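Next come the chains, spelled out residue by residue.
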Amino acid sequence: MKSRLNVLHISPDFNYVCGVSKYVYLILKGLKKFEENGRLRLFFFTNGGDGLERLISIGIEPELMSFRKGLKNVFYFYKNLRHLERFCRNNEINIIHTHHRYPELLANALKSKLNIKTITTVHSLVDGYKRLSFKSDKIIAVSKAVEKNLIEKFGLSKEKIIQIYNPIDFEEYAFNDNVKPDKSLIGLPQNSKVFLFIGRWTRVKGVDILIKAFSELFNIHKELYLILITNIPEKEKSKINRICDRYLFISPQRDISYFYNICDAIILPSRVEPFPYVMLEAGLYKKIFIGADTGGIKEFIINGYNGFLFERSNYISLKEAINDVLKLSEENKIFIQSNLYQSILNLYNVSNYSDELLKIYDELNQ
């Protein structure tokens, strides 16, 4: 039997509306079976966040380390480096698996000194800091778009990259196929058309495009509502709600199954999107998905077949896609929802994905 490996995962923030956090949670959940049979011992470093109780629920006690994402912050870099070195020595860490470029830089700075192996999962389409980035022994790209970006912009060899889509886990979701959801629980008419956005309140997520499109659509479709599960600042929320009361802002939380169940469609208007969990969850809940034609969305969604695409950053194109969804016949709606669901079933589940990760860890440690 192979010896036990001590594996440390590091991700900057751990939040409910963060796709990277969802990925980290799912793979740690999947890897727990190897901790139980003595093959792995798992550790996790993070800067904090609102989703830490999700980790604790699966028996992962996060180690908090106050660090910043900015690579220019030398003061934090050396302080974090010393903290990380002590932790790795005390816990005899064999492998560090990072989920952001800053902790990857820290891990690779210690690699030779501590005789450890490093692996990073690349969750974003980035540029810059080419001399400092992606020096790990192995690199997982969450989509073909990310793999292409790493090769073209960072000069990485294809052999160093493992392209594998994010895993799914049916156990995480509460489906409601047989009971009609009660929209009145949040004050909506039962005959309302509900669209759902889940994500950080940032320009990269296209929230400005989203608000502009719906501000015009509300004048045409009186039955239309938009629910946003996001971390919007209170001042901005008040400003938007003064203009129209058909925006419903919901604080990020662990269980958002109710909102998935009551919505008619899910929208992700991101300007940059590697391979979003919101898209996968739309498929799992058999909902219509509308996404910008960028990154992993464009790679996975076939317009009119398993979802709808619109031109990135173009609110008029987004309006047209929403209107197309509103005009769908029930037959076409079921056709598109079913196709996205089938597309999702082709992905790894969490158990199979963790099996693949263990193989990668074992190969690294040889």
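Above this text you will find the structure in question.
**Q** Break down the sheet that holds strand β7 (residues 161-163) for me, with residues and values.
**A** Strands in a sheet are paired, the pairing made by backbone hydrogen bonds, and the direction either parallel or antiparallel. The 7 strands lie next to each other as β3-β2-β1-β4-β5-β6-β7, forming an open sheet whose pairing is parallel. The sheet is open, and its two borders are formed by β3 (63-64) and β7, each paired with just one other strand. Sheet topology places strand β1 (residues 5-11) next to strand β2 (residues 40-46); 7 bridges connect them, and they run parallel. Opposite Ile10, over in β2, you have Phe45 as the bridge partner. Along the sheet face, helix α5 (residues 144-154) touches β5 (117-122), β6 (138-141) and β7 and points at about 160° away from the line of β7.

**Q** Break down helix α12 (residues 330-345) for me, with residues and values.
**A** One turn of the α-helix equals 3.6 residues, which is why residues spaced by three or four share an orientation. Compared with the 22 Å implied by 1.5 Å per residue over 16 residues, the 23 Å span of α12 between its first and last C-alpha is a close match. Among the structural elements, α9 (277-284), β12 (288-292), α10 (295-300) and β13 (308-310) are those in contact with the buried residues of α12.

**Q** Give me the lowdown on the sheet that holds β13, citing residues and values where you can.
**A** Reading across the sheet, the 6 strands line up as β10-β9-β8-β11-β12-β13 and stay open at both edges, with parallel pairing between neighbours. The open sheet has two free edges, formed respectively by β10 (247-250) and β13, since each of these has just one partner strand. For this sheet, the mean inter-axis angle between neighbouring strands, taken without regard to orientation, is 20°. Relative to β10, strand β9 (residues 224-229) runs parallel, the two being bridged by 4 bridges.

**Q** Which residues make up the pairing of β5, and what values do they have?
**A** Counted residue by residue, β5 has 5 buried out of 6 residues, so it is predominantly covered. Running through helix α4 (residues 101-114), the crossover from strand β4 (residues 95-98) to the neighbouring parallel element β5 is right-handed. Alignment of β5 against β6, held across 4 bridges, turns out to be parallel. Paired with Thr121 across the strands is Ile140, a residue of β6.

**Q** How would you explain the pattern of salt bridges if you had to name every residue and give the values?
**A** Between side chains of opposite charge, a pair can form as their charged atoms come close. In total, this model carries 20 salt bridges according to the counting rule given. Among the salt bridges present, the one from Lys22 reaches Glu281, with a minimum N-O distance of 2.2 Å. Linking Lys22 in helix α1 (residues 19-36) with Glu281 in helix α9, this pair joins segments that are 259 residues apart in sequence. What makes Lys22 buried here is its relative accessible area of 12%. Lys32 serves as the salt-bridge partner of Glu35, at 2.5 Å between the closest nitrogen and oxygen. Of this pair, Glu35 and Lys32 both sit in helix α1, 3 residues apart, which is roughly one turn of the helix. The class for Lys32 is buried, based on a relative accessible area of 13%. The structure contains a network of salt bridges with shared partners spanning Lys29, Asp169, Glu171 and Glu172.

About the cut-offs
Residues numbered from 1 in each chain as written. Predicted model: local features only at pLDDT ≥ 70, side-chain atom pairs only at ≥ 80, totals over all residues. Heavy atoms only, no water. Pairing = 2+ DSSP bridges. Helix = DSSP H or I, 4+ residues; strand = E, 2+ residues; numbered from the N terminus. Contact = heavy atoms within 4.5 Å. Axes fitted to C-alpha atoms, helices over the stretch in contact; angles between N-to-C directions. Expected span 1.5 Å × (residues − 1). Buried < 20%, exposed > 50% of the residue type's maximum accessible area, 1.4 Å probe, protein only. Right-handed = clockwise from strand over helix to strand, strands pointing away. Salt bridge = Lys/Arg side-chain N within 4 Å of Asp/Glu carboxyl O.

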